[in-house]
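# Structural overview for review
Residue-level listing of the chains:
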Amino acid sequence: MTVRHFLRDDDLSAEEQAEVLRRAGALKAAPYSDRCLEGPRAVAILFDKPTLRTQLSFSAGVAALGGHPVVVDGRLAGVGTRESVPDTARVLGRQAAAIVWRTFEQARIEEMARYAGVPVVNALTDEFHPCQVLADLLTVTERKGSLPGLTLAYVGDGANNMAHSYLLGGALAALHVRVGTPAGHEPGTAVLQRARELADAQGGSVAVTDDPVAAVRGADVVATDTWVSMGQEGEKDTKAGAGSPFRPFALTRSLLAGAAPDAVALHCLPAYRGLEIDDEVIEGPQAAVWDEAENRLHAQKALLSFLLEASA
């Protein structure tokens, strides 16, 4: 049996990503139509980092699929310190149908997947946030009808997990992905190269610029994220203080005005209003932030259903 994991966005093919999004739309319309975790079967949900939307959406989603969410505080469990990742994985894999983990280094979740024997889902690492991008793609589909050929601009920290996942997930969906970020904060070289390969195969494109106006010009979707990611709080003064190089990349009404007139504004939350996004944008008519937050539920249900079916 081949066990399927979702550790980064390109663990799905373009066709599989489209299928997950199709299932997500169907589950949003009929929330209890898929009972793949009937039993109830347990899903272990581990958190090494703070959480609101991820804990809520995975817990509610597992329950709606007929399962039982078992939420584990990773700091109390001491995964990787009190007990090794391989040992933890083998314990969890014998009692849970799937494992969802929000952690730090990507290597940790990759090690979990090697030993678990059941699907492992990345609920956020320092390098990627693929479940969020599935939810964002579902949100854009609802607003725009289809994905191929649209331009998605991301402005902010180009080296963070959201930028990396927008590049990979957006390229798979045949989007034209632009990352606007200050010099010195560009996406990782390997991620950028992989995104370009995917974009070439699907008919999209990838670009990085240090000009925020150029990044959003004519874009159908404009997304941003906090400038200070979890675990990087020591960089707050540099990234968010007076004179920060990120200030021109804030998603303000004036910057958004350079996008398409009907552009959709996204933020994965939590939002620091007055820093990376202005109140008048997040509360404005172009924002789809609350749909985006809800769609974590539907996208993740569809993902779990797909992974369990593909691993059967």
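The following paragraphs examine the structure supplied in this document. (Residues numbered from 1 in each chain as written. Predicted model: local features only at pLDDT ≥ 70, side-chain atom pairs only at ≥ 80, totals over all residues. Heavy atoms only, no water.)

Evaluation of the coordinates by the stated rule reveals two aromatic pairs. When the ring of Tyr154 is compared with that of Tyr166, the centres are 5.7 Å apart and the planes differ by 40°; the resulting orientation is tilted. Of this pair, Tyr154 sits in strand β5 (residues 151–155) while Tyr166 sits in helix α7 (residues 161–172); the two residues are 12 residues apart in sequence, bridging distant segments of the chain. For the residue pair Tyr154 and Tyr166, the accessibility class agrees, reading buried in each case. Residue placement shows Lys301 over the ring face of Tyr32; its charged tip is 6.0 Å from the ring centre. (Phe/Tyr/Trp six-rings, centres within 6.5 Å; stacked < 30°, edge-to-face > 60°. Helix = DSSP H or I, 4+ residues; strand = E, 2+ residues; numbered from the N terminus. Buried < 20%, exposed > 50% of the residue type's maximum accessible area, 1.4 Å probe, protein only. Lys NZ or Arg CZ within 6 Å of the ring centre and 35° of its normal.)

In this fold, Asp220 is placed in the loop between α9 (212–216) and β8 (221–224). Only 2.8 Å separates the side chain of Asp220 from the backbone nitrogen of Thr151, close enough to count as a polar contact. With sequence-adjacent residues up to four places away left out, Asp220 is seen in contact with Lys144, Leu150, Thr151, Ala260, Asp262, Ala263 and Val264. (Polar contact = N/O pair within 3.5 Å; in protein donor to acceptor, adjacent residues only side chain to side chain. Contact = heavy atoms within 4.5 Å.)

This next bit is on the sheet that holds strand β4 (residues 120–122). Pairing in this open sheet of four strands is parallel, and the strands run β2-β1-β3-β4 from one edge to the other. Every interior strand has two partners, whereas the edge strands, β2 (68–73) and β4, have only one. Sheet twist, expressed as the average angle between the axes of neighbouring strands with direction ignored, equals 20°. (Pairing = 2+ DSSP bridges. Axes fitted to C-alpha atoms, helices over the stretch in contact; angles between N-to-C directions.)

This part is about the packing of helix α4 (residues 85–93) against helix α5 (residues 106–116). Viewed as axis vectors pointing N to C, α4 and α5 meet at an angle of 50°, and their least axial separation amounts to 8 Å. Here α5 runs oblique to α4, going by the angle between their axes. In terms of crossing hand, the pair formed by α4 and α5 is right-handed. Where α4 approaches α5, its residues Val85, Pro86, Thr88, Ala89, Arg90, Leu92 and Gly93 are matched on the opposing element by Arg108, Glu111, Met112, Tyr115 and Ala116. Residue classes in the contact of α4 with α5 are distributed as seven nonpolar, two polar and three charged. (Parallel < 35°, antiparallel > 145°, perpendicular 65-115°, else oblique. Left-handed = near helix turned anticlockwise from the far one by under 90°. Nonpolar A, V, L, I, M, F, W, Y, C, P; charged D, E, K, R; others polar.)

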